[in-house]
Structures are given as C-alpha cells and as structure tokens.
Amino acid sequence: MIINLNKFLSSAEISFNFEDNFIIDDEDFLEKTHLNKAIVFNGDFFKVEDSILLTGIIKYTYKVDCARCLTEFENTIRTKFEAFVVKKQDDDDNESDEIKLVLKDGCVNLDETIKQMIYLSMPMKSVCKADCKGICPTCGVNLNVEKCKCQNNGTDPRFDKLKNLLKD
Ligand SMILES: [Zn+2]
Ligand SMILES: [Zn+2]
C-alpha cells in the first residue's frame, strides 16, 4: 500500500486521514498466516516538528483453529501502531524500536510495516466465541454441536464449587 502525502505536505492542514481496503500480494505470507487477502487500513497522519506521525489501525481476518473446540473459524483482529514518516533513514538509528517510514517522492510504502504488525498482533491462542464449550475430554465430541452422555459433560468441577459458593 503506497500512500501519496504530497498534497498533505504542501497544504496548511496539520492532520490527514486515510482509509482504504488493501490487498496483501504476498502468497508466502498469506499461506503462513492463513490471512484473508483483503484487509482494512485506517491511518491518521499528523505533522509534528520535522517529521510526520502516523497512527494506523489495521483490521484483518484469518482462519485459525479454536483452541477449545478445534474447529476452524475466521478470527478478526484490530491492531494499532505508530510510525514516523521521515525524509531519510538514519544509519545510526537502528537500535530504536520506533517504526520509521521513509518518504519517497512524497509517498510512503506501508507493505512491510503492515505485514510486520499483523505478525506481531496475531494471538497465540484464539477461541471461536467467548462461551465456546470445547470438546468433551472423555469422548471428544464438540460440545457446541452435541451433548454427550459422559459424567462431567465438559463442565469444570471448579466451576461447580464456585456456583455453590455464589448460591449462599
Ligand atoms: Zn470453539
Ligand atoms: Zn463425552
């Protein structure tokens, strides 16, 4: 995704909002992350002293197996990041954690930053819904779909104790 900032830079405006759908054109990355090609990017650019601050929000969807019931579902994540748009990359500045985007003919290219942010924000574990019942540890049925006849029916005995406490 390349964003042209020329108009904004030459204007008197101090901020500029940009929102667009963005297609990630990197088969390798898409395969590794199970990401849907289309993502939404929303960015606010602010003029600050001699650089430009970008606050960006990325919304993406990817396929993942639920950590409780093991069923594949589409998970949607919104992640926020900040970056500085600079005129040129400082060589002695590699140690800082700040994300720097270098202006080229008044444009910034966000491809690498967006991919990096997606990688960093993907949760280790996800559940298909907050109240996912998971699978029965005894017979292995998906308790969201069917009930089984096993003794504990998938409920955690610790929760039963808690329920009794709450009754009093
Ligand atoms: Zn689930
Ligand atoms: Zn069971």
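These numbers were taken from a predicted model, which means no experiment stands behind them.

Participant: Help me understand the sheet that holds strand β6 (residues 99-102), please; the structure alone is not making it clear to me.
Facilitator: By definition, the strands of a sheet pair up through backbone hydrogen bonds, in either a parallel or an antiparallel sense. The five strands lie next to each other as β2-β3-β4-β5-β6, forming an open sheet whose pairing is mixed. Single-partner strands in this sheet number two, and they are β2 (15-23) and β6. Between one strand and the next, the sheet's axes are offset by a mean angle of 30 degrees, whatever the strand orientation. Where strand β5 (residues 72-86) lies against β6, four bridges are found, and the strand directions are parallel. Of the residues in β6, the one forming a bridge with Phe-84 is Lys-100.

Participant: Just to check I follow, could you spell out the pairing of strand β3 (residues 38-48) for this structure?
Facilitator: Summarising the sheet, β2 and β3 pair through nine bridges and their orientation is antiparallel. Within β3, the position partnered with Phe-22 by the bridge is Ile-39.

Participant: Would you mind going over the coordination of the zinc ion (ligand 2) with me for this structure?
Facilitator: Those protein atoms acting as donors to the zinc ion (ligand 2) are Cys-136 (SG), Cys-139 (SG), Cys-148 (SG) and Cys-150 (SG), and they sit at 2.3 Å. Each of the four donor atoms bound to the zinc ion (ligand 2) contributes to angles spanning 105 to 113 degrees, and the resulting shape is tetrahedral. If you list the donors of the zinc ion (ligand 2) from N- to C-terminus, the spacing comes out as C-x2-C-x8-C-x1-C. One end of the pair, Cys-136, is in the loop between α3 (111-121) and α4 (157-167); the other, Cys-148, is in the loop between α3 and α4, and 12 residues separate them in sequence. This pair shows no difference in class: Cys-136 is buried, exactly as Cys-148 is.

Participant: It is not clear to me how the environment of Asp-25 should be interpreted in this structure. Could you clarify?
Facilitator: Within the secondary structure, Asp-25 sits in the loop between β2 and α2 (27-33). Owing to a relative accessible area of 72%, Asp-25 belongs among the exposed residues under this scheme. Considering only alpha carbons, one finds Asp-25 and Lys-37, 12 residues apart in sequence, at a separation of 7.4 Å.

Participant: Just checking my understanding: could you explain the coordination of the zinc ion (ligand 1) for this structure?
Facilitator: Ideal geometry at a metal centre gives angles of 109.5 degrees when four donors are arranged tetrahedrally and 90 or 180 degrees when six donors are arranged octahedrally. Coordination of the zinc ion (ligand 1) by the protein comes from Cys-66 (SG), Cys-69 (SG), Cys-128 (SG) and Cys-132 (SG), over a distance range of 2.3 to 2.4 Å. Sequence spacing of the donors to the zinc ion (ligand 1): C-x2-C-x58-C-x3-C.

Participant: Quick question: what am I supposed to make of the packing of aromatic side chains here?
Facilitator: Scanning the model with the defined rule gives seven aromatic pairs in all. Seen from their ring centres, Phe-29 and Tyr-119 are 5.2 Å apart, and the 85 degrees between their planes marks the pair as edge-to-face. Highlighted residues: Phe-29 in helix α2 and Tyr-119 in helix α3, separated in sequence by 90 residues. The exposure class of Phe-29 is buried, given its relative accessible area of 5%.

Participant: How do you make sense of the confidence of the model for the protein when you look at a structure like this?
Facilitator: Note that predicted coordinates carrying low pLDDT should not be read in detail. The predicted model of the protein has a mean per-residue pLDDT of 89, with 86% of residues at 70 or higher. Across the protein, strand β4 (residues 51-65) holds the top mean pLDDT of 96, while α4 sits lowest at 63.

Participant: Help me out: how do you make sense of the nonpolar core in this one?
Facilitator: A general feature of soluble globular proteins is that nonpolar side chains tend to end up buried together. Ranked by internal contacts, the top residues of the largest apolar core, which has 36 residues, are Leu-35, Phe-41, Phe-45, Ile-114 and Ile-118. Taken together, the elements giving at least two residues each to this core come down to β2, α2, β3, β4, β5, β6 and α3. The element best represented in this core is β4, accounting for six residues. Once you skip the residues sitting within four places of it in the chain, Phe-41 turns out to touch Met-1, Ile-3, Phe-18, Glu-19, Asp-20, Leu-54, Gly-56, Ile-57, Ile-58, Phe-81, Leu-110 and Ile-114. Counting residues in each nonpolar core, the second largest holds five residues, with Cys-136, Val-141, Leu-143 and Cys-148 among its members.

Participant: Explain the pattern of salt bridges to me, please; I cannot follow it from the model alone.
Facilitator: When the charged atoms of two side chains lie near each other, side chains of opposite charge can form a pair. In total, this model carries four salt bridges according to the counting rule given. One salt bridge connects Lys-63 with Glu-74, and the closest N-O pair in it is separated by 3.8 Å. Here Glu-74 lies in strand β5 and Lys-63 lies in strand β4, a separation of 11 residues in the sequence. Lys-63 sits in the partly exposed class, given a relative accessible area of 35%. On the basis of relative accessible area, Glu-74 is assigned to the partly exposed category, the value being 45%.

Each value, and the rule that gives it
- Residues numbered from 1 in each chain as written.
- Chains lettered and ligands numbered in written order.
- Predicted model: local features only at pLDDT ≥ 70, side-chain atom pairs only at ≥ 80, totals over all residues.
- Heavy atoms only, no water.
- Pairing = 2+ DSSP bridges.
- Helix = DSSP H or I, 4+ residues; strand = E, 2+ residues; numbered from the N terminus.
- Axes fitted to C-alpha atoms, helices over the stretch in contact; angles between N-to-C directions.
- Donors = N, O, S within 2.8 Å, 3.2 Å for Na, K, Ca; no water.
- Tetrahedral: all angles 85-135°; square planar, octahedral: opposite > 155°, others 65-115°.
- Buried < 20%, exposed > 50% of the residue type's maximum accessible area, 1.4 Å probe, protein only.
- Phe/Tyr/Trp six-rings, centres within 6.5 Å; stacked < 30°, edge-to-face > 60°.
- pLDDT = per-residue confidence, 0-100.
- Core = buried A, V, L, I, M, F, W, Y, C linked by side-chain atoms within 4.5 Å.
- Contact = heavy atoms within 4.5 Å.
- Salt bridge = Lys/Arg side-chain N within 4 Å of Asp/Glu carboxyl O.

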